[in-house]
Each structure stands twice: as C-alpha cells, then as structure tokens.
Amino acid sequence: MSTTSDPESLLQQLQTNGYVIIPSILSSSQLEPLIATTRNLISLARQGKWPHVRTVGKQFPPWDASLAIKNGIWGVQHLLHPNLPVPDRSLYTKLYFHPILLNIASTLLQCSEDELVMELFNLLVDPPTSFSLSWHRDDIPAHFTPEQELEVLGKVGYDRHTQYNSSLVDGDESLVVVPGSHRRARTEEEKKVQEAWKDGIDEKMSGELVVKLNKGDVVFYDNNILHRGVYKAGRERMTVHGSVGHVDGAKGRARNVLQHGIGGWVGDCDFGCLGEQREMAEGMRKRLMEMGSGEDVGYSLEG
Ligand SMILES: O=C(O)CCC(=O)C(=O)O
C-alpha cells in the first residue's frame, strides 16, 4: 500500500468538499489475494451462509438475514468478525489496521494514532436487481429542520470519524455525493428531490457527483455529506466500506457504530496476525469497547 498524496491537501479537500479520492492506494500484490477471498466470501453470503448481510429492499440496519436468498444482498457485514467464514480472514484485519490507512485517518482527524478508535469494516457488493438508496446523511434523519441539521453538523467533536470506500475492482460508480453539503443544511430543492424519491420519482440532485473508483482507489468521506448509493445488477462491485473514529467523538459515534452489532463480538477478535501493528489495534479496540456494548443505542435512521 502506498500513497504520495500530500496530507495537508487531503485534509483541505475533505474539509472543503466532504470527500477526497486517493488513487491506487492498494497494490496489485495486495489486491490479488483480497479479491480471491472476497469472491469466496460474497458467494457464501449470497447462499445464506453468513448471517450478517445487507439485504435488498432495506437501506438501514437491522437487516433480516433470512431474506438473503429470496431478496439478494447488497452488502456483507463485519469483515473483522472472528467467525467470518473464509480461511484467510486475517487479510481483512491486516487491511483495516494497515499503517498507511491509519496514517491517513489520523491526518484527516488531525490527531495522533493513539487517539483512533476501531469502528466498522464491511463490504458493499452488486445486488441481483438494480436499485438505489434514498438520499441521506448517515446520522441525521430526513425530517430534521435546518436548525436541527446545523446543530448536529456544527457540534464540535460530536461525531469525529472518517469513513471510506475502497474498490477492489475497476468501475465502482455507486456512491453519489453532493460536494460541500456536509457543512450546511439541505436546500428546499434538495428536500424536494429527497421526498420525491419516496414516491418512486428518481430525480438528479443539483450538483451531484458520481464518485468513480478503480481497482485499489479509496475515497474518504464525511458520512453526513448528502449522499446515496445507486446499484446496477450485473456490474461487479466489491468495495470495502470502513470507518475510523476519534476518541473525542465516541459519544456521538456510539449509536452510528454500535447499531451494527459490532459490540457483540469485537472482544473475540484475534489480532495475532498483525505483528508490529498489534499494539495499535488493541488500543483501537479498547477505545471502541469503552463506548459500550450497544445493546441500548437504537438506530440512526429507519427504512
Ligand atoms: O454504496 C455506497 O457506497 C453508499 C452506502 C451508503 O450510503 C450507506 O451505507 O449509508
């Protein structure tokens, strides 16, 4: 894994636009085994052999794994789970805790690496039928007033995290964002487009941008940027979808992270494969566990 990107410029792009793309961060020697393992994992998940999946027809957690075969899946959850049903699951552990990714996360969060918190690591895949997610911000419901939106977006340190998508194959064009919308309330026009979607009217959002990722590219983004996913059946998608938190944002992040059920198994992860990175990973896990188990956090969004 490598990047020649200037850290200051990455931070500036993220702050201004709400997202930043870093090309070719994963090398082909890293990609090859990851692709093979991931194809295997996706196949098992599609056959209903892994209970932590995102099923088609439902956008937000919780998902009902018993619908995986009938409806199909658009995501595989918990790549760091100790029981992930692939023999070489340590590849995902090594990827999540890779020094370069964590270094970028600490640059974007403007903190030292021992303030980072382990969060989510999932996989987004092509569904059997084309569909799209509604426009949303991950932790701000659509019914919020502009004042409520601004209150959440402006809370200093409330929600400190960074989120990323990294594609293992060429041509991921599923994530669509409205650049700059992570810092402001929605416009009336944006709300109308968002509302119309519920009635089956799928209009473009003014200023929307399709994030294009090729093999090994990564996009870091603020998950409260106005965004959606647009999924085409038959166009292979194999995108790892991760997030890293900052210890000062743990209060605001608890629901967003723990609603996915990670609290039930994180204590059982084995980081023995990590060598020198193990201490860092143990610290990140400890800070996650200090956020609680997640039994009483509820869900950020419904649908
Ligand atoms: O498919 C994507 O990249 C976006 C996913 C998304 O918006 C979400 O998980 O909330």
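Whatever comes next refers back to the structure up there.
My aim in this report is to walk through the structure given alongside it, one point at a time. (Residues numbered from 1 in each chain as written. Predicted model: local features only at pLDDT ≥ 70, side-chain atom pairs only at ≥ 80, totals over all residues. Heavy atoms only, no water.)

1. Some points on the pattern of salt bridges
Our working definition: Salt bridges are identified by distance alone: a Lys or Arg side-chain nitrogen within 4 Å of an Asp or Glu carboxyl oxygen. Helix and strand labels come from DSSP, where a helix needs a run of H or I of at least four residues and a strand needs a run of E of at least two; each type is numbered from the N terminus. Each residue's exposure class comes from its accessible area (1.4 Å probe, protein chains only) as a fraction of the maximum for that residue type: buried when under 20%, exposed when over 50%, partly exposed otherwise.
Taken as a whole and judged by the stated rule, the model has 13 salt bridges. Linking R39 and E236 is a salt bridge whose minimum nitrogen-to-oxygen distance equals 3.1 Å. Highlighted residues: R39 in helix α2 (residues 28-46) and E236 in the loop between β10 (227-231) and β11 (238-246), separated in sequence by 197 residues. A relative accessible area of 44% places R39 in the partly exposed class. In this structure E236 comes out as partly exposed when scored by relative accessible area, which is 34%. E290 is the salt-bridge partner of K286, the closest N and O atoms lying 3.2 Å from each other. You can call K286 exposed: its relative accessible area is 52%. What you see here is one network of salt bridges that share partners, running through R137, E149 and R186.

2. So, the sheet that holds β11
Which entries qualify depends on this criterion: For two strands to count as paired, DSSP must find a minimum of two bridges between them. Angles shown run from 0 to 180 degrees and are taken between the N-to-C directions of axes, each axis being a line fitted to C-alpha atoms and, for helices, limited to the stretch in contact. Any two residues whose heavy atoms approach within 4.5 Å are treated as being in contact.
The seven strands lie next to each other as β1-β9-β6-β11-β4-β3-β2, forming an open sheet whose pairing is antiparallel. Taken across any chain shown, the strands that pair with only one partner, and hence form the sheet edges, are β1 (19-22) and β2 (53-55). Strand-to-strand twist in this sheet, taken as the mean axis angle between neighbours without regard to direction, amounts to 20 degrees. With seven bridges connecting them, strand β6 (residues 161-167) and β11 associate as antiparallel partners. Across the sheet, Q163 pairs through a bridge with S243, a residue of β11. α2 rests against β2, β3 (73-76), β4 (116-125), β6 and β11 of the sheet, and its axis sits at about 70 degrees to β4.

3. Focus on the sheet that holds strand β5 (residues 131-132)
Within the open sheet, the four strands sit side by side as β5-β10-β7-β8. Their pairing is antiparallel. At either end of the open sheet lies a strand with only one pairing partner, and these are β5 and β8 (209-210). By the bridge criterion, two bridges tie strand β7 (residues 175-177) to β8 in an arrangement that is antiparallel. When the sheet's bridge partners are listed, V176 is paired in β8 with V210.

4. Observations regarding helix α9 (residues 278-289)
Applied cut-off: A helix is expected to span 1.5 Å multiplied by its residue count minus one.
An ideal rise of 1.5 Å per residue puts 16 Å on 12 residues; α9 measures up with 16 Å between its terminal C-alpha atoms. All of the buried residues in α9 are M280, A281, G283, M284, R285, R287 and L288. Buried positions along α9 lie against α4 (90-96), α5 (99-109), β4, β11 and α8 (250-258).

5. Re the site of the ligand
Operational definition: Here a residue is considered near a molecule or strand provided that any single heavy atom belonging to it is located within 4 Å of it. What qualifies as a polar contact is a pair of N or O atoms within 3.5 Å, subject to a donor-acceptor requirement within protein and to the restriction that residues adjacent in sequence count only when both atoms come from side chains. In these tables, accessible area is a Shrake-Rupley quantity obtained with a 1.4 Å probe, and a residue counts as shielded only by the protein chains included in the view. Here the term charged refers only to Asp, Glu, Lys and Arg, the term nonpolar to Ala, Val, Leu, Ile, Met, Phe, Trp, Tyr, Cys and Pro, and the term polar to all other amino acids, Gly among them.
Neighbouring residues of the ligand: R54, L124, L133, H136, D138, N165, L175, H227, Y231, R237 and H241. Here D138 contributes a side-chain N or O atom positioned 3.2 Å from an oxygen atom of the ligand. Y231 is positioned such that a nitrogen or oxygen atom in its side chain is 2.5 Å from an oxygen atom of the ligand. In isolation the ligand has 290 Å² of accessible area, and contact with the protein removes 96% of it. When its residues are assigned to classes, the shell around the ligand shows four nonpolar, four polar and three charged.

6. Digging into α5
Counting buried positions along α5 yields eight of 11 residues, so the element is predominantly enclosed. Where α5 is concerned, the buried positions are L101, L102, I104, A105, S106, T107, L108 and L109. The positive-phi residue at the C-terminal boundary of α5 is Q110, with phi of around 50 degrees.

7. A look at the packing of helix α1 (residues 7-17) against α5
Where we set the bar: By definition in this entry, angles of less than 35 degrees are roughly parallel, angles greater than 145 are roughly antiparallel, angles of 65 to 115 are roughly perpendicular, and the rest are oblique. Note on convention: the crossing is left-handed when the near helix lies turned anticlockwise from the far helix by less than a right angle, right-handed when the turn is clockwise.
The geometry of α1 relative to α5 is characterised by a closest axis approach of 9 Å and an angle of 60 degrees between their N-to-C directions. With respect to each other, α1 and α5 are oriented oblique. The way α1 lies across α5 gives a crossing that is right-handed. Residues P7, L10, L11 and L14 of α1 pack against I104, T107 and L108 of α5. A class-by-class count of the residues in the contact of α1 with α5 yields six nonpolar, one polar and no charged.

8. Remarks on the nonpolar core
Condition: Here, nonpolar core means buried Ala, Val, Leu, Ile, Met, Phe, Trp, Tyr and Cys residues that are tied together by side-chain atoms lying within 4.5 Å of each other.
Core analysis: the largest hydrophobic core is formed by 64 residues, its most contacted members being F97 and M118. The residues touching F97, leaving out its near neighbours within four places in the chain, are L80, L102, M118, F271, L274, Q277, A281 and M284. Within the second largest apolar cluster, eight residues are counted, among which are L175, V211, V219 and I225.

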